[in-house]
Amino acid sequence: MSTTSTVSAALVKDGTPSSAAAAAKRAARQRTALVWAGRIGLAAFIIGGWQAFTTWGIVDPFFFGQPSGIARRLVDLFQHGTEFGSFYSNIWTTIQEALAGFALGAVAGVIFGVALGQSRFLADVLGPYIKVVNAIPRIVLGSIFIVAFGIGVLPKILLAAVLVFFIVFFNAFQGVREVDRNILANAKVLGASQTQIIRHVTVPSALTWIIASLHSAFGFAIVGALVGEVLGAQSGLGLVIKTAQNQFDPNGVFATMLVISVIVLGAEWLISKLEHRLLSWRPPAPTEANSL
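Quick caveat, the model's predicted, so the values are computed rather than measured.

*Asks:* If you had to explain the overall build of the protein chain to someone new, which residues and values would you point to?
*Replies:* Along its length, the protein chain carries twelve helices and zero strands. Going from the N terminus to the C terminus, the protein chain shows its helices and strands as α-α-α-α-α-α-α-α-α-α-α-α. Within the protein chain, buried positions represent 36% of all 292 residues. Within the protein chain, residue pairs in contact and separated by at least 24 positions form 71% of the contacts whose partners lie at least 6 positions apart.

*Asks:* How would you sum up the environment of G113? Please name residues and give values.
*Replies:* Along the chain, the position of G113 falls in helix α5 (residues 87-118). For the pair G113 and N171, spaced 58 residues apart in sequence, the C-alpha to C-alpha distance is 7.5 Å. Contact partners of G113, with chain neighbours within four places excluded, come to F169, A172, F173 and V176.

*Asks:* Mind laying out the packing of helix α9 (residues 181-189) against helix α10 (residues 194-231), listing which residues take part and the relevant values?
*Replies:* Helices that pack against each other are described as a pair by the angle of their axes relative to one another and the distance between those axes. It is the contact of α9 with α10, at a shortest axis distance of 11 Å, that shows an interaxial angle of 150°. For the element pair α9 / α10, the angle class is roughly antiparallel. For the pair α9 and α10, the sense of crossing is right-handed. Counted together, I183, L184, A187 and K188 of α9 and I197, V201 and T202 of α10 form the full contact between these two elements. Tallied by class, residues from the contact of α9 with α10 come to five nonpolar, one polar and one charged.

*Asks:* Before we move on, can you summarise the packing of α5 against α10 with the specific residues and values?
*Replies:* Interaxial distance between α5 and α10 falls to 7 Å at its minimum, and their mutual angle equals 145°. Taken as a pair, α5 and α10 cross one another with a handedness that is right-handed.

*Asks:* Account for the confidence of the model for the protein chain, naming residues and giving values.
*Replies:* Per-residue confidence for the protein chain gives a mean pLDDT of 84; residues scoring 70 or more make up 90%. Under a pLDDT of 50 for its full length, residues 1-13 has, in the predicted model, eleven contacts with residues more than four places off or in other chains. Across residues 286-292, where pLDDT falls below 50, the model places six contacts with residues more than four positions away in sequence or in other chains.

Here is what the cut-offs are and how they apply
Residues numbered from 1 in each chain as written. Predicted model: local features only at pLDDT ≥ 70, side-chain atom pairs only at ≥ 80, totals over all residues. Heavy atoms only, no water. Helix = DSSP H or I, 4+ residues; strand = E, 2+ residues; numbered from the N terminus. Buried < 20%, exposed > 50% of the residue type's maximum accessible area, 1.4 Å probe, protein only. Contact = heavy atoms within 4.5 Å. Axes fitted to C-alpha atoms, helices over the stretch in contact; angles between N-to-C directions. Parallel < 35°, antiparallel > 145°, perpendicular 65-115°, else oblique. Left-handed = near helix turned anticlockwise from the far one by under 90°. Nonpolar A, V, L, I, M, F, W, Y, C, P; charged D, E, K, R; others polar. pLDDT = per-residue confidence, 0-100.

In structure tokens, the structure reads:
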């Protein structure tokens, strides 16, 4: 039975708002339990099937690893570290690079997106150049940054920032272009300055687009940091993956990828909390009522 039908049944039964609210809460709890049961069941099916296929010899664990081997390798990495230092320090290096690149790219993307969205002249002048830079393969940019700045953390931060910038920029730009022109006209009639219009009308209206871009932007920040580390680094998870690959250690590759997945999911949870806080003024859309 759906949430709507459950609530309707409760209203028909005794007609009190409190009973309807209680029914809605029960339906929400049931749905949450079903979602988590589905998630855990799917994970158990994939991991169990992977383990079974490699044990039975259907899939070669030499190339594809094995869940039990990944777990042992993960414990070994945390206990004994790597040849580049402790596993914790490598994780922290990648997180630092990704966070710095994420912050730099997001801020630059919002500023340029709002500026070009506000000014048709700037958009016409800078638009072709932005598209040209966006078309350059990221791995080429990573190589250029490493040649120019060495194998320290700066090239990884810059590469992560570039990946984040374009995602946030295009969303901020489109968000500004989608602002209701009637609201802008009314603000001007009421005597609002350009700065006040940007602060109180344009940016809040485009905030939904900007926040939506941040969900995928942090994942790209991690990708940028990892690609930079694979191209050349002294530490970091990308270097751990590259070393495991060179040593034909698929369990090490998958173990490191699992850690990266946990980091990205944690960042996604924090961004969702930020979204709910910043957009608390916005009434939820009908499609958001039962979102994950």
